[in-house]
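Chain and residue survey
The chain contents come next:
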Amino acid sequence: VQLQASGGGLVQAGGSLRLSCAASALPFANYAMGWFRQAPGKEREFVASISRSGRGIGYADSVKGRFTISRDNGKNTVYLQMNSLNAEDTGVYYCAAASVGYNYTPRTSGGMDYWGKGTLVTVSS
């Protein structure tokens, strides 16, 4: 199983980025997908998740209204559209997959089965 995250980079505060995570060797439609992030010196935290069906979606309070998670089961890819970025959004963003119920949206690191290597997002103020 491989989860390849991409799309990170350096952006000014107020800007936008779109992260992608392509899955391989994974029955993608059978897994809920999530994005987590880890800022320097901090623990990894939940950002957003989407259920297997795509109908269940959850966000951390800190990103609600600014970030949008989506998935394309035909492309085995999950996306994270990030708008109105601020310095507190800086960190390494990881995508992860969880084998859970059809409409369940995982929110904890321990609930995920597979992890990608992460992509760095740096927001300059």
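The preceding data block contains the structure.
This section reports on the structure supplied with the text. Quick caveat: nothing in here was measured; it's all calculated off a predicted structure.

1. Points about the overall build of the chain
A tally of helices and strands in the chain yields 0 helices and 11 strands. Shown N-terminal to C-terminal, the secondary structure of the chain runs as helices and strands in the order β-β-β-β-β-β-β-β-β-β-β. If you line up the chain on its principal axes, its C-alpha atoms span 40 × 25 × 25 Å. Put simply, the chain has 125 residues, and 46% of those count as buried. At a minimum sequence separation of 6, the contacts of the chain that also span at least 24 residues come to 60%. Here the chain displays about 6,100 Å² of accessible surface, and carbon together with sulfur accounts for 46% of that area.

2. Quick look at the sheet that holds strand S8 (residues 77–82)
The strand order across the open sheet built from 4 strands is S1-S3-S8-S7, with neighbouring strands paired in antiparallel fashion. Every interior strand has two partners, whereas the edge strands, strand S1 (2–6) and strand S7 (67–72), have only one. Each strand axis lies, on average, 15 degrees off the axis of its neighbour in the sheet, ignoring direction. Both S7 and S8 contribute to a ladder of 6 bridges, which runs antiparallel. Bridge pairing links isoleucine 69 to leucine 80 in S8.

3. Section: the nonpolar core
Within soluble globular proteins, side chains that are nonpolar generally end up buried alongside one another. Of all hydrophobic cores here, the largest spans 36 residues; its most connected members are Trp35, Leu80, Met82 and Tyr93. Counting only elements with at least two residues in this core, the list comes to S1, strand S3 (17–24), strand S4 (32–38), strand S5 (45–50), S7, S8, strand S9 (91–98) and strand S11 (119–124). Among the elements that line this core, the one with the most residues is S9, at 5 residues. Residues within four places of tyrosine 93 in sequence aside, it is in contact with Leu19, Trp35, Phe36, Arg37, Val47, Phe67, Leu80, Met82, Gly118, Thr119 and Val121.

Cut-offs and rules
- Residues numbered from 1 in each chain as written.
- Predicted model: local features only at pLDDT ≥ 70, side-chain atom pairs only at ≥ 80, totals over all residues.
- Heavy atoms only, no water.
- Helix = DSSP H or I, 4+ residues; strand = E, 2+ residues; numbered from the N terminus.
- Buried < 20%, exposed > 50% of the residue type's maximum accessible area, 1.4 Å probe, protein only.
- Contact = heavy atoms within 4.5 Å.
- Areas by Shrake-Rupley, 256 points an atom, 1.4 Å probe, with all protein chains shown as cover.
- Pairing = 2+ DSSP bridges.
- Axes fitted to C-alpha atoms, helices over the stretch in contact; angles between N-to-C directions.
- Core = buried A, V, L, I, M, F, W, Y, C linked by side-chain atoms within 4.5 Å.

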